[in-house]
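Geometric and topological summary
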Amino acid sequence: MKDFDFAAGETVLVDKPLEWTSFGVVKKLRWEMKVKKVGHAGTLDPLATGLLILCTGKSTKTIDQIQGKIKEYEGEMVIGQTTPSHDLETEVDSEEDISHITEDDIYNLLPKFTGKIMQVPPMHSAIKVDGVRVYKHARKGKEVKIDPREIEIKELEITNIDFPRIQFRMVCSKGTYVRSFVRDFGKELGVGAYMSALRRTKIGEYSVEDAKSVDEWIEVIRNWREKKEAEDEK
C-alpha cells in the first residue's frame, strides 16, 4: 500500500455515498487527518454518488486544475414527470402521458444535446446571482433570471430504456449541470423529465474505480496518524 502523507499533500479519491454533502465528506476526513488544508475539486450534490476528489496540504494548489477537467457521469431520468429541483430533492409537481413516446424519439434527440450548447443552470443550484446563491431564492419560491452559458457535451449515449426510466452516460465540460440536461431533454420530448439518479465516474484521468469509500479512507488515515505519532515519539 502507498505511504500517504496527508499533511504534506495528497490527492484523495473518494466514492461519495448517497445523501452525503461534498462538504460533509471534507469535514469528516479533515477531522480524521487533523490537517488544516483540505478541499474538494468539484461539488457533488447530496443525491449524487461517485467520484469526489479531495486535495490536502500543498496539493490544494491543484484544485482549480482538476475542476477544469472533463467529467463522466452515469445517470437516470424519469420522463413524463417533473420536479421543481429537476431531481428527487423536491416532490413531483406535474405528470404527462408518455404512451406516444418511442425509443426512436429518445435516440433522435441525442444529436441536439451533443457538442457545444447553451444551458441554463437550475434554480436549485449553488451559483450566485447578484451575490446570492440561487437555491436560497428557490427555497423562498422566488424566481431569478439565470443567464445561459456555453457548455460542451462531448459524448452522450443511452445505455438502457425501460419507460418511464431512461439511463444514460455523459462526458461533459466543466460547468455542465446534468439536471439541466434532463430538464431540457424532457422539454424537447414534450412530456418533462427529472433526474432520478446520478453517479460521477471520472474527472479527467481520475476514475471512481480507483476511489475508496469514506470508511476505507478513515482506516487509511488512522493508520497514517498512528505511524506518524510513533515516528514523532522516537
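Look a little higher up for the structure.
Residues numbered from 1 in each chain as written. Predicted model: local features only at pLDDT ≥ 70, side-chain atom pairs only at ≥ 80, totals over all residues. Heavy atoms only, no water.

Some details on helix α5 (residues 178–189)
Taking 1.5 Å as the rise per residue, α5 with 12 residues should run 16 Å; its terminal C-alpha atoms sit 17 Å apart, in good agreement. For α5, the buried fraction is high: 10 of the 12 residues fall into the buried class. All buried positions along α5 are accounted for by Val-178, Arg-179, Ser-180, Phe-181, Val-182, Arg-183, Asp-184, Phe-185, Gly-186 and Leu-189. In the core, the buried residues of α5 are packed alongside β4 (71–79), α3 (103–109), β7 (115–119), β10 (149–162), β11 (165–172) and β12 (193–203). The first or second residue beyond α5 is Gly-190, which carries a positive phi of 85 degrees. (Helix = DSSP H or I, 4+ residues; strand = E, 2+ residues; numbered from the N terminus. Expected span 1.5 Å × (residues − 1). Buried < 20%, exposed > 50% of the residue type's maximum accessible area, 1.4 Å probe, protein only. Contact = heavy atoms within 4.5 Å.)

Re the side chain of Gln-119
Of note, Gln-119 is situated in strand β7. With relative accessibility at 2%, the residue Gln-119 sits in the buried group. A polar contact is formed between the side chain of Gln-119 and the backbone nitrogen of Tyr-177, at a distance of 2.9 Å. Once you skip the residues sitting within four places of it in the chain, Gln-119 turns out to touch Pro-148, Arg-149, Ile-151, Gly-175, Thr-176, Tyr-177, Ser-180, Phe-181 and Asp-184. (Polar contact = N/O pair within 3.5 Å; in protein donor to acceptor, adjacent residues only side chain to side chain.)

Quick word on the packing of helix α1 (residues 22–33) against helix α6 (residues 214–233)
Following both chains from N to C, one finds α1 and α6 inclined at 20 degrees, their axes separated by 9 Å at the closest point. With respect to each other, α1 and α6 are oriented roughly parallel. For the pair α1 and α6, the crossing hand works out as right-handed. In this structure, α1 contributes Val-25, Lys-28, Leu-29, Glu-32 and Met-33 to the contact, and α6 contributes Val-214, Trp-217, Ile-218, Ile-221, Arg-222, Trp-224 and Arg-225. Tallied by class, residues from the contact of α1 with α6 come to eight nonpolar, no polar and four charged. (Axes fitted to C-alpha atoms, helices over the stretch in contact; angles between N-to-C directions. Parallel < 35°, antiparallel > 145°, perpendicular 65-115°, else oblique. Left-handed = near helix turned anticlockwise from the far one by under 90°. Nonpolar A, V, L, I, M, F, W, Y, C, P; charged D, E, K, R; others polar.)

Some details on unusual backbone geometry
With omega at 10 degrees, the peptide bond leading from Phe-163 into Pro-164 counts as cis. Within the secondary structure, Pro-164 is located in the loop between β10 and β11. Despite not being glycine, Glu-19 has its phi angle at roughly 80 degrees, a positive value. Position of Glu-19 relative to the elements: it lies in the loop between β1 (11–16) and α1. Residue class for Glu-19 comes out exposed when judged on its relative accessible area of 62%. The phi dihedral of His-86 is positive, around 65 degrees, even though this residue is not glycine. Relative to the helices and strands, His-86 is located in the loop between β5 (81–82) and β6 (94–95). Using a relative accessible area of 14% as the deciding quantity, one classes His-86 as buried.

Notes on the nonpolar core
Ranked by size, the top nonpolar core spans 30 residues in total, and within it Met-77, Ile-79, Phe-181 and Phe-185 carry the most contacts. Only β4, α3, β10, β11, α5 and β12 provide two or more residues apiece to this core. Apart from residues lying up to four places away in sequence, Met-77 is in contact with Pro-164, Arg-165, Ile-166, Phe-168, Phe-181, Val-182, Phe-185, Ala-193, Tyr-194, Met-195 and Ser-196. (Core = buried A, V, L, I, M, F, W, Y, C linked by side-chain atoms within 4.5 Å.)

Points about the pairing of β10
Bridge analysis of β7 against β10 gives five bridges, and the strand direction is antiparallel. From the neighbouring strand, Gly-115 faces β10, where its bridge partner is Ile-153. Two strands pair when backbone bridges link them, and β10 and β11 are joined in this way by eight bridges, in the antiparallel orientation. By the bridge assignment for β11, Glu-157 is matched with Arg-169. Where β10 folds back onto β11 in an antiparallel hairpin, the turn is made up of two residues. (Pairing = 2+ DSSP bridges.)

Observations concerning the environment of Ile-161
Considering the arrangement of structural elements, one finds Ile-161 in strand β10. In this structure Ile-161 comes out as buried when scored by relative accessible area, which is 15%. Residues Ile-161 and Thr-102, spaced 59 residues apart in sequence, show a C-alpha to C-alpha distance of 10.0 Å. In contact with Ile-161, not counting residues within four places along its chain, are Glu-103, Ile-106, Tyr-107 and Ile-166.

Note that every value here comes from positions in space, so none of it alone points to a role or purpose.
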